[in-house]
Amino acid sequence: MDRRKFVKDVLLWTAGLSLGVPCFKIAPLLAASSPSVLGVARGKDYRLLVVKAIEIAGGIGAFVKTGDTVVIKPNMGWDRKPEQGANTHPMVVRTLAELALDAGAAKVQVFDHTCNEKRRCYTNSGIVDELEKIGDPRIRWEHIDQRKFVPVDIARGKSLKRWEIYKDALAADCYINVPVAKHHGLSRLSLGLKNSMGVIGGNRGKLHHNIGQELADLATVVQPKLTVIDATRILLRNGPQGGRIQDVKVMDTVIVSSDPVAADAYATTLFDMQPHEIASTVAAYEMGLGEMDIDKMEIKTVQV
């Protein structure tokens with residue numbers, strides 16, 4: 001389905017019509033002969049971490065093309081400062097925006113469906129300040145517009161069959177998922193798959209009843225071209241909101257992959273846990289959405 005046809009279909013959904021067909025081509029089961037590639041960069045220069053990890057994963061040009069509309073979806077759902085580890089680090093977001101612009105993006109949108117008051121979240125996360133420094137009118141940091149949530153049939157869903165999803169996330173030429181790695185009281189960890197809750201509407205609390213499978217179901221339609229996990233500092237306890245500096249561990253790490261399951265699986269090990277302990281990782285793997293066996297991944301690390 002090309003983007004023009006997709007946007008037309010979205011308008012039909014907005015009008016209240018159900019298409020009754022999947023809205024995306026579903027990613028095929030990963031072939032054993034093509035291992036998932038992870039770029040892992042470590043060091044104190046967070047801008048360089050993002051640049052190097054993306055280079056390893058294939059380079060920004062493999063994901064962003066000239067004229068593309070790019071959505072960068074960080075976690076900035078909480079009224080917290082960067083050092084508290086509840087939101088994606090602002091330098092990670094800024095660097096991704098700059099890379100997308102350098103690759104020829106026509107528009108870069110940055111947004112999140114916040115849990116705390118949206119203006120305080122956007123400001124206190126430090127993300128807006130960093131984006132403003134770029135000084136490019138192609139970048140837009142937008143508050144969620146409730147009118148843009150559209151009902152989507154989740155054809156492959158096992159538990160979740162239909163949900164409201166943010167139109168701009170679905171219609172982007174390149175959707176980049178940029179979670180912060182942190183503890184979560186219900187899902188154990190909040191990583192890439194969990195970050196998709198920031199582009200859905202409705203009563204999000206309902207998903208917590210079977211959160212592992214339902215996050216995997218969402219992943220069949222919310223499909224990032226690139227997952228960039230911010231583990232520059234990770235929240236070990238009292239997530240997802242956090243608040244105490246003593247709950248934060250500085251890791252100076254960025255993980256990048258086009259395989260969202262592999263990215264989550266590897267990030268899990270930073271918490272001294274294994275991928276099979278996270279229900280969403282297991283469910284997504286079983287649905288053929290990515291690799292969770294770390295031994296089968298091609299992990300390329302660089303010290304910056």
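Residues numbered from 1 in each chain as written. Predicted model: local features only at pLDDT ≥ 70, side-chain atom pairs only at ≥ 80, totals over all residues. Heavy atoms only, no water.

Asks: It is not clear to me how the packing of helix α3 (residues 90-102) against helix α5 (residues 127-134) should be interpreted in this structure. Could you clarify?
Replies: When two helices pack together, you describe them by how their axes are tilted relative to each other and by the distance separating the axes. Two numbers describe how α3 lies on α5: the axes approach to 8 Å, and their chain directions differ by 30 degrees. Of the possible angle classes, the one that applies to α3 and α5 is roughly parallel. With respect to the hand of their crossing, α3 and α5 are arranged in right-handed fashion. Contacts between α3 and α5 involve Pro90, Met91, Val93, Arg94, Ala97, Glu98 and Leu101 from the first element and Ile127, Glu130, Leu131, Lys133 and Ile134 from the second. Of the residues assigned to the contact of α3 with α5, the class counts are 8 nonpolar, no polar and 4 charged. (Axes fitted to C-alpha atoms, helices over the stretch in contact; angles between N-to-C directions. Helix = DSSP H or I, 4+ residues; strand = E, 2+ residues; numbered from the N terminus. Parallel < 35°, antiparallel > 145°, perpendicular 65-115°, else oblique. Left-handed = near helix turned anticlockwise from the far one by under 90°. Contact = heavy atoms within 4.5 Å. Nonpolar A, V, L, I, M, F, W, Y, C, P; charged D, E, K, R; others polar.)

Asks: Is there a simple way to explain the pattern of salt bridges in this structure?
Replies: Close approach of charged atoms allows side chains with opposite charge to pair. The full count for this structure, using the stated rule, is 18 salt bridges. Between Arg119 and Glu117 there is a salt bridge, with the nearest N and O atoms lying 3.5 Å from each other. For Arg119, a relative accessible area of 49% translates into the label partly exposed. Judged by its relative accessible area of 38%, Glu117 is partly exposed. (Salt bridge = Lys/Arg side-chain N within 4 Å of Asp/Glu carboxyl O. Buried < 20%, exposed > 50% of the residue type's maximum accessible area, 1.4 Å probe, protein only.)

Asks: Which parts of the structure should I look at to understand the environment of Val37?
Replies: The topology assignment puts Val37 in strand β1 (residues 37-42). Judged by relative accessible area, Val37 falls into the partly exposed class, the value being 25%. If we skip the residues at most four places from it in the chain, Val37 touches Ile56, Val256, Ser257, Glu298 and Lys300.

Asks: Mind showing me how you'd approach the nonpolar core here?
Replies: A general trend in soluble globular proteins is that nonpolar side chains are found buried together. With 61 residues, the main nonpolar core has Val70, Ile72, Leu96, Val108, Ile176 and Val228 as its most contacted residues. Apart from the residues lying within four places of it in its own chain, the contact partners of Val70 are Val64, Ala100, Ala105, Lys107, Val108, Gln109, Cys174 and Ile176. Residues Leu189, Ala216, Ile255 and Met273 belong to the second largest nonpolar core, which totals 28 residues. (Core = buried A, V, L, I, M, F, W, Y, C linked by side-chain atoms within 4.5 Å.)

Asks: What am I meant to see in the side chain of Arg204 here?
Replies: With respect to the helices and strands, Arg204 occurs in the loop between α7 (192-195) and α8 (211-219). Among buried Asp, Glu, Lys and Arg side chains, Arg204 stands out as unpaired, with Asp112 the closest opposite charge at 5.6 Å. Polar contacts involving the side chain of Arg204 include one to the main-chain carbonyl oxygen of Met197, which spans 3.1 Å. (Lys, Arg positive; Asp, Glu negative; His and termini not counted. Polar contact = N/O pair within 3.5 Å; in protein donor to acceptor, adjacent residues only side chain to side chain.)

Asks: Teacher, can you tell me more about the confidence of the model for the protein here?
Replies: Residues at a pLDDT of 70 or more form 89% of the protein, whose mean pLDDT is 91. This model gives residues 10-32 a pLDDT under 50, and the stretch forms 41 contacts once residues within four places in sequence are excluded. (pLDDT = per-residue confidence, 0-100.)

Asks: Would you mind showing me how to read helix α9 (residues 260-268) here?
Replies: Owing to its 3.6 residues per turn, the α-helix brings residues three or four apart onto one side. Most of α9 sits out of view: 9 of its 9 residues are buried. Three or more residues of α9 are buried, namely Pro260, Val261, Ala262, Ala263, Asp264, Ala265, Tyr266, Ala267 and Thr268.

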